Amino acid sequence: MSQSKPFRQRFVRFWWVQLPLLASRFSSKLPFTFLDGLYLAAWPAVASWAPLLALIAGLAIGWWHPGFESVFSESLIVVMIAAIFGISSANLGLLFIVGFIVGDFFLHHTSWTQVGWRRNEGFLEHVGKVRLPLLIEYGLLFLLTVKIPMVTKALTAQLLIPFLPLKTGFKVAAALYVLLTGVLVYFWTQTVPVLIRPVFTWVSTNPPAKATVPLQHYEWVIIFVAIVIAAVRMLLQGMTAFRSEVGKPLEELERELRDLPPVRSLGDRINPWFSTAAAALWSVLMIAGIYKSFIDPVLIGALIFVLLAVRKQLIPVPFGVWAKWMDKIPLLLRLVIGFILIKIIASAILENMLRSTNTFRPLLLMTALSMIIIFLLTPQLPIVRPKEGEPSK
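*Asks:* Outline the packing of aromatic side chains, listing residues and values.
*Replies:* In this description, an aromatic ring pair is defined by two values, namely the gap between the centres and the angle between the planes. Applying the stated criterion across every chain yields a total of 14 aromatic pairs. Geometrically, the ring pair formed by Phe 11 and Trp 15 is stacked, given 6.0 Å between the ring centres and 15° between the ring planes. Placement of both Phe 11 and Trp 15 in helix H1 (residues 4–24) is noted, with a separation of four residues, approximately one turn of the helix. What makes Phe 11 partly exposed here is its relative accessible area of 25%. Residue Trp 15 is classed as buried on the basis of its relative accessible area of 13%. Residues Phe 100 and Tyr 138 carry aromatic rings whose centres are separated by 6.0 Å and whose planes lie at 80° to one another, so their mutual orientation is edge-to-face. Pair noted here: Phe 100 is in helix H5 (residues 90–108) and Tyr 138 is in helix H6 (residues 123–158), with a separation of 38 residues, a long-range link. On the basis of relative accessible area, Tyr 138 is assigned to the buried category, the value being 4%.

Structure below.
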């Protein structure tokens, strides 16, 4: 026992301090994902065993497919397990999805020639019709286990109320965090049944009811689980913040994190045009479930690429005072305004368009319009570069 405690402490330090530093060499955003859930280090046993448990759970589920045949959305229990890991910590959610991908992509899908019920259709056709849709499935699961907790955390941090006492402010932020988690998980349950379709349609089969029923009829169960886990997380974080005896194990780790030197990541060295194109292509793939013809991904891809290029200031657009006005409004409030606008437009136009067609093209049009609305509400302020010889601030 005398040696297990030091080893556990070394592992916790490696996982929650050294690993984020290592991740910063590859991506400037990845360390934030690894650090999400640092509050768990207040309980060293949990902080050391939870990562291994998340990785093994994802690997086992992806390999053996317990409770589902083709996609994770067939199993309500699997979705709840993913939500528990992800909402608890994006770090654990990332490990779960990594384990799931390894188990599903390499250990469960062992054939590289099978396409649907047919076999020996060729490697390239298999990759195009089977492996690419699997990436869409993984991306959708990634949204639940990593993106939702990170976005919720970022939006909550936007609303700082300085005039409130510290504990009261934390309670308000905690309540908002729980509410946002429920809202985002609800939206996730509504989009997955549509976006996961390529797993079936690209091999010329119709999506079975069992792939969508759990999310369409029992989404309240998933939302309830997510809300409970978010509330528990906020309770534990509050304990580490306001009870010194609980938060003491975090003090040394937080001090080390503050003293870490800045590192220029590999992602920052990649040509911005290339990274923008890659992000646009990934977005095009993720919404492939609503395309009718090849012109759809071309047009939506061009729109996404232009919007991303403008946001990164690769394409200069003079926003003038508009960007400054938007910057003064909390991001969460702007997104709420955008959602209301999108909801009004969708109610007025989308329902009638869907009645007159049997395709998802109206959804694609609404998606494009939503992107433009959100972009206008969240423009990137110009980067102010110091003049030659003038020190930067």
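*Asks:* An account of the confidence of the model for the protein chain is requested, with residue identities and associated values reported.
*Replies:* Overall, the predicted model of the protein chain reaches an average pLDDT of 87, with 92% of residues at or above 70. This model gives residues 381–393 a pLDDT under 50, and the stretch forms eight contacts once residues within four places in sequence are excluded.

*Asks:* Give me helix H11 (residues 244–258): which residues, what numbers.
*Replies:* The largest bend along H11 measures about 40° and falls at Leu 250. All of the buried residues in H11 are Val 246, Gly 247, Leu 250, Leu 253, Glu 256 and Leu 257.

*Asks:* So what's going on with the environment of Ala 42? Which residues, and what values?
*Replies:* Mapped onto the fold, Ala 42 is located in the loop between helix H2 (30–35) and helix H3 (44–64). Look at Ala 42 and you get buried, because its relative accessible area is 8%. Sequence separation between Ala 42 and Leu 253 is 211 residues, and the spatial gap between their C-alpha atoms is 10.0 Å.

*Asks:* Pulling in residues and values, what's your account of the pattern of salt bridges?
*Replies:* One pass over the structure, following the stated rule, counts six salt bridges. The partner of Arg 233 in a salt bridge is Asp 36, with the nearest N and O atoms 2.7 Å apart. Highlighted residues: Arg 233 in helix H10 (residues 219–242) and Asp 36 in the loop between H2 and H3, separated in sequence by 197 residues. For Arg 233, a relative accessible area of 3% puts it in the buried group. A salt bridge links Glu 69 to Lys 210, with the nearest nitrogen and oxygen atoms 2.8 Å apart. A residue pair is termed long-range when its members are at least 10 positions apart, and Glu 69 in the loop between H3 and helix H4 (76–88) and Lys 210 in the loop between helix H8 (198–201) and helix H9 (213–217) qualify at 141 residues. According to the relative accessible area criterion, Glu 69 is partly exposed, its value standing at 49%. Salt bridges sharing partners connect three or more residues here, namely Asp 36, Lys 153 and Arg 233.

*Asks:* Please set out a nonpolar patch on the surface residue by residue, giving values where relevant.
*Replies:* There is a patch of nonpolar side chains on the surface, built from Leu 55, Leu 59, Trp 63, Trp 64, Val 98, Val 102, Phe 106, Leu 107, Trp 112, Phe 123 and Leu 124 and spanning about 1,100 Å² of accessible area. Those elements giving two or more residues to the nonpolar patch turn out to be H3, H5 and H6. With respect to the helices, strands and loops of the structure, Leu 55 is situated in helix H3. Residue Leu 55 is classed as partly exposed on the basis of its relative accessible area of 34%.

*Asks:* So what about the packing of H10 against H11? Which residues, and what values?
*Replies:* Relative to each other, H10 and H11 sit at 85°, their axes nearing to 6 Å. As far as their axial angle goes, H11 and H10 are roughly perpendicular. Along the contact surface, H10 presents Met 239, Thr 240 and Phe 242, while H11 presents Ser 244, Val 246, Gly 247 and Leu 250. Its residues placed into classes, the contact of H10 with H11 shows four nonpolar, three polar and no charged.

Rules behind the numbers
- Residues numbered from 1 in each chain as written.
- Predicted model: local features only at pLDDT ≥ 70, side-chain atom pairs only at ≥ 80, totals over all residues.
- Heavy atoms only, no water.
- Phe/Tyr/Trp six-rings, centres within 6.5 Å; stacked < 30°, edge-to-face > 60°.
- Helix = DSSP H or I, 4+ residues; strand = E, 2+ residues; numbered from the N terminus.
- Buried < 20%, exposed > 50% of the residue type's maximum accessible area, 1.4 Å probe, protein only.
- pLDDT = per-residue confidence, 0-100.
- Contact = heavy atoms within 4.5 Å.
- Bend = angle between axes of the 7 residues up to and from the residue.
- Salt bridge = Lys/Arg side-chain N within 4 Å of Asp/Glu carboxyl O.
- Patch = residues over 30% accessible without salt bridge, like charges linked within 9 Å, V, L, I, M, F, W, Y side chains within 5 Å.
- Areas by Shrake-Rupley, 256 points an atom, 1.4 Å probe, with all protein chains shown as cover.
- Axes fitted to C-alpha atoms, helices over the stretch in contact; angles between N-to-C directions.
- Parallel < 35°, antiparallel > 145°, perpendicular 65-115°, else oblique.
- Nonpolar A, V, L, I, M, F, W, Y, C, P; charged D, E, K, R; others polar.

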